[in-house]
Amino acid sequence: MARRKLIYEGKAKILYEGPEPGTLIQYFKDDATAFNGERHEVVEGKGVLNNRLSEFFMLALANVGIPTHFIRRLNMREQLVREAEMIPLEVVVRNFAAGSLTRRLGMDEGTQLPRPLVEFYLKDDSLGDPIVAEEHIAAFGWASQQEIDEMVNLALRVNDVLSGLFFGVGIRLVDFKIEIGRIWENDYPRLIVADEISPDSCRLWDIRTGRKLDKDVFRHELGDLADAYTEVARRFGLLPANGFPKRPTLVN
Ligand code: TMP
Ligand code: ASP
């Protein structure tokens with residue numbers, strides 16, 4: 001097969017040039033990293049699970065009219081997506097206190113928040129992705145004031161859809177992160193949900209047992225990450241009857 005043009009390689013995904021202008025191929029790696037790449041391991045099967053789960057969540061958003069970059073899944077590890085001008089922010093929505101919020105404000109993990117909170121972090125590994133205020137975003141031109149308002153609305157709509165989906169399978173959506181891109185239509189910019197939505201970018205707790213089913217399992221060495229992600233996929237009915245093969249198998 002001809003070598004494809006690599007556009008960008010991140011910690012968990014690779015972007016290649018797509019078959020048509022304005023498209024990209026997004027490849028999901030098995031690499032798991034935490035604490036800004038300080039911890040790194042290869043978790044066999046993670047890329048396959050995240051590819052399938054991200055497809056599922058992006059399609060669920062599209063079904064209720066929320067625009068995303070997702071076009072179609074190509075194979076076990078790759079999906080075709082729309083190329084977007086990425087806004088250099090991580091948009092985090094929180095329903096319950098966890099992670100950096102508990103550390104920053106001294107709250108107990110699991111405290112229900114009075115309403116969903118939307119926060120912005122600058123996507124810059126060299127600075128450790130610092131939290132930023134809307135003031136910084138507008139003043140430094142990362143997004144316009146109108147886009148900031150749109151990002152908040154988009155993030156809250158995504159939260160409503162995902163919270164409901166997860167609740168339906170007995171999982172609490174504690175918080176999540178999305179990344180948003182800009183596409184141009186008739187000279188007008190439009191915001192779409194890009195990157196991925198997967199247990200790498202969410203906090204997911206089993207409602208009944210409190211079991212963590214997300215990347216915190218890896219961050220805090222709580223067990224087998226692939227098992228946790230497989231459980232999420234299983235609840236949504238996304239697993240083939242025998243599960244995903246851990247290694248390529250010969251079928252006669
Ligand atoms: P935080 O509590 O560490 O700020 O994380 C908030 C949410 O964002 C959580 O669901 C995990 C997700 N997240 C990412 O997807 N990528 C990151 O680099 C970080 C720090 C968090
Ligand atoms: N994604 C970041 C990293 O790979 C941080 C995290 O998710 O904890 O280091």
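Residues numbered from 1 in each chain as written. Chains lettered and ligands numbered in written order. Predicted model: local features only at pLDDT ≥ 70, side-chain atom pairs only at ≥ 80, totals over all residues. Heavy atoms only, no water.

A closer look at the sheet that holds strand β1 (residues 6-9)
(1) Moving on: The strand order across the open sheet built from 5 strands is β1-β2-β3-β7-β6, with neighbouring strands paired in antiparallel fashion. In this open sheet, the two edge strands, each paired with only one partner strand, are β1 and β6 (70-73). Neighbour-to-neighbour, the strand axes of the sheet open up by a mean angle of 25°, direction not taken into account.
(2) Moving on: The pairing of strand β3 (residues 23-28) with strand β7 (residues 78-82) spans 5 bridges and is antiparallel. Looking at β7, one finds that Y27 is bridged to E78.
(3) Moving on: In the packing of helix α1 (residues 46-63) onto the sheet, the strands contacted are β3, β6 and β7, and the crossing angle to β6 comes to about 135°. (Pairing = 2+ DSSP bridges. Helix = DSSP H or I, 4+ residues; strand = E, 2+ residues; numbered from the N terminus. Axes fitted to C-alpha atoms, helices over the stretch in contact; angles between N-to-C directions. Contact = heavy atoms within 4.5 Å.)

Re the site of ligand 2
(1) Moving on: Neighbouring ligand 2 are K11, T33, A34, F35, N36, G37, K215 and R219.
(2) Moving on: N36 is positioned such that a nitrogen or oxygen atom in its backbone is 2.5 Å from an oxygen atom of ligand 2.
(3) Moving on: Taking G37, its main chain carries an N or O atom lying 2.6 Å from an oxygen atom of ligand 2.
(4) Moving on: Relative to its unbound accessible surface of 260 Å², ligand 2 loses 74% to contact with the protein.
(5) Moving on: Among the residues making up the shell around ligand 2, the classes are represented as 2 nonpolar, 3 polar and 3 charged. (Near = heavy atom within 4 Å. Polar contact = N/O pair within 3.5 Å; in protein donor to acceptor, adjacent residues only side chain to side chain. Areas by Shrake-Rupley, 256 points an atom, 1.4 Å probe, with all protein chains shown as cover. Nonpolar A, V, L, I, M, F, W, Y, C, P; charged D, E, K, R; others polar.)

Focus: the site of ligand 1
(1) Moving on: The immediate surroundings of ligand 1 are formed by 15 residues, with R94, S100, D175, K177 and R203 found nearest.
(2) Moving on: For ligand 1, an oxygen atom lies 2.6 Å from a polar atom in the side chain of S100.
(3) Moving on: Between an oxygen atom of ligand 1 and a side-chain N or O atom of D175, the distance comes to 2.5 Å.
(4) Moving on: Considering ligand 1 on its own, with 450 Å² of exposed area, one finds that the protein chains cover 79% of that surface.
(5) Moving on: Every element with two or more residues in the shell around ligand 1 is listed here: β9 (89-96), α2 (99-105), β12 (171-185) and β14 (202-206).

Observations concerning the environment of D227
(1) Moving on: Position of D227 relative to the elements: it lies in helix α6 (residues 225-235).
(2) Moving on: The partly exposed category is assigned to D227, whose relative accessible area is 42%.
(3) Moving on: Spatially, the C-alpha atom of D227 lies 8.5 Å from that of L213, the residues being 14 residues apart in sequence. (Buried < 20%, exposed > 50% of the residue type's maximum accessible area, 1.4 Å probe, protein only.)

As for the packing of aromatic side chains
(1) Moving on: Per the stated rule, a full pass over the model turns up 6 aromatic pairs.
(2) Moving on: Measuring from centroid to centroid gives 5.2 Å for F57 and F166, while their planes differ by 40°, and the two rings are tilted. Of this pair, F57 sits in helix α1 while F166 is found in helix α4 (residues 145-168), placing the two residues 109 residues apart along the sequence. Each member of the pair, F57 together with F166, is buried.
(3) Moving on: Ring geometry for F166 versus F236: centroids 5.5 Å apart, planes at 70°, classification edge-to-face. With F166 in helix α4 and F236 in the segment after α6, the pair connects residues that are 70 residues apart, well separated along the chain.
(4) Moving on: Residue class for F236 comes out buried when judged on its relative accessible area of 13%. (Phe/Tyr/Trp six-rings, centres within 6.5 Å; stacked < 30°, edge-to-face > 60°.)

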